Amino acid sequence: MQPRGLAWLALVTALFGGAAASAAERLDGEAIKRAFEGNTVAGRYSGTNQPFSEYHHPDGRAIGHNRGLPNRDACWTTTDDAVCYYYGPQETRRTYCFTVERSERLYVLRSRPSGRINGVATVEPGDATGGIGADMPAWTCDGLISRAPGGAASGRQLAMR
């Protein structure tokens with residue numbers, strides 16, 4: 001197994017703790033919103049083992065970082081069965097949607113529509129990002145998750161960030 005694969009396996013094992021034998025529960029959009037809103041979702045991406053940590057502000061902003069880069073315009077929303085994130089103005093918006101499975105404290109985010117595991121995370125109460133983004137100008141979220149025909153809400157995933 002490659003070193004990156006070993007690190008990923010160690011992360012999943014550490015996050016699972018004693019929950020490895022527990023069945024994962026797939027969350028609907030309302031359950032995702034209850035779990036994420038007002039809390040910080042933090043973990044690692046499966047392909048790169050790079051970190052992410054985002055506070056899911058009730059106004060729709062996602063404050064924190066992805067792969068060490070601070071969010072300057074990130075927004076989040078839920079659909080019937082997924083959480084969707086978008087970055088940038090409408091003209092160049094990038095959109096990503098994920099189904100979410102939970103097994104005790106572990107949340108698995110699967111890219112939609114492929115079903116590929118995108119990341120593994122935990123949810124921490126409140127803003128646990130350590131103030132990332134506190135010195136950046138505030139942004140607003142318009143609620144539009146895609147300009148593309150069919151949109152991300154219907155399962156179309158746009159170019160990866």
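Rules and cut-offs
- Residues numbered from 1 in each chain as written.
- Predicted model: local features only at pLDDT ≥ 70, side-chain atom pairs only at ≥ 80, totals over all residues.
- Heavy atoms only, no water.
- Helix = DSSP H or I, 4+ residues; strand = E, 2+ residues; numbered from the N terminus.
- Buried < 20%, exposed > 50% of the residue type's maximum accessible area, 1.4 Å probe, protein only.
- Contact = heavy atoms within 4.5 Å.
- Areas by Shrake-Rupley, 256 points an atom, 1.4 Å probe, with all protein chains shown as cover.
- Arc of directions from axis to C-beta.
- Polar contact = N/O pair within 3.5 Å; in protein donor to acceptor, adjacent residues only side chain to side chain.
- Pairing = 2+ DSSP bridges.
- Phe/Tyr/Trp six-rings, centres within 6.5 Å; stacked < 30°, edge-to-face > 60°.
- Salt bridge = Lys/Arg side-chain N within 4 Å of Asp/Glu carboxyl O.
- Disulfide = S-S within 2.5 Å.
- Core = buried A, V, L, I, M, F, W, Y, C linked by side-chain atoms within 4.5 Å.

On to the overall build of the protein chain. Counting its secondary structure elements, the protein chain contains 2 helices and 10 strands. In sequence order, the secondary structure elements of the protein chain are arranged as α-β-α-β-β-β-β-β-β-β-β-β. In the protein chain, which comprises 161 residues, the proportion classed as buried is 45%. For the protein chain, the share of sequence-separated contacts (at least 6 apart) that also reach a separation of at least 24 residues comes to 54%. Looking at the protein chain as shown, the accessible area adds up to about 8,200 Å², and 53% of this sits on carbon and sulfur atoms.

Glancing now at helix α2 (residues 29-36). All of the buried residues in α2 are Gly-29, Ala-31, Ile-32, Ala-35 and Phe-36. Mapping the buried residues of α2 onto a view down its axis gives an arc of 160°, with all of them on the same face. Where α2 begins, the side chain of Asp-28 points an oxygen toward the backbone nitrogen of Glu-30, at a separation of 3.2 Å. Gly-38 sits one or two positions beyond α2 and adopts a positive phi of about 80°.

Two elements, strand β6 (residues 75-78) and strand β7 (residues 83-87), share 4 bridges in a ladder whose sense is antiparallel. Across the sheet, Thr-77 pairs through a bridge with Cys-84, a residue of β7. Linking β6 to β7, which pair antiparallel, is a turn of 4 residues.

The next subject is the packing of aromatic side chains. Under the criterion given, the structure shown has 4 aromatic pairs. Seen from their ring centres, Phe-36 and Tyr-107 are 6.0 Å apart, and the 65° between their planes marks the pair as edge-to-face. Taken together, the residues span a long stretch of sequence, with Phe-36 in helix α2 and Tyr-107 in strand β9 (residues 106-111) at a distance of 71 residues. The burial state of Phe-36 is the same as that of Tyr-107; both residues are buried.

What follows is about the pattern of salt bridges. Oppositely charged side chains are able to pair whenever their charged atoms sit close together. Tallying each qualifying case throughout the model produces 5 salt bridges. With a closest N to O distance of 2.9 Å, Arg-110 and Glu-101 form a salt bridge. Looking at Arg-110, the relative accessible area reads 24%, which means it is partly exposed. Its relative accessible area of 18% is what places Glu-101 among the buried residues.

Throughout the structure, instances matching the rule amount to 2 disulfides. Linked covalently through their sulfurs, Cys-75 and Cys-141 form a disulfide whose S-S length is 2.0 Å. Measuring handedness by torsion sign, the sulfur bridge of Cys-75 and Cys-141 sits at about -85° and is left-handed. Taken as a pair, Cys-75 in strand β6 and Cys-141 in the segment after β10 (117-125) lie far apart in primary sequence, 66 residues in all. Given the relative accessible area of 1%, Cys-75 is considered buried.

Core analysis: the biggest nonpolar cluster contains 21 residues, and Phe-36, Val-83, Tyr-85, Val-100 and Tyr-107 have the highest contact counts within it. Mapped onto this core, the elements with two or more residues apiece are α2, β2 (39-45), β7, β8 (94-103), β9 and β10. Residue contributions to this core peak at 4 residues, all from α2. Val-100 has contacts with Glu-25, Arg-26, Leu-27, Ile-32, Phe-36, Val-83, Tyr-107, Val-108 and Leu-109, leaving out every residue within four places of it along the chain.

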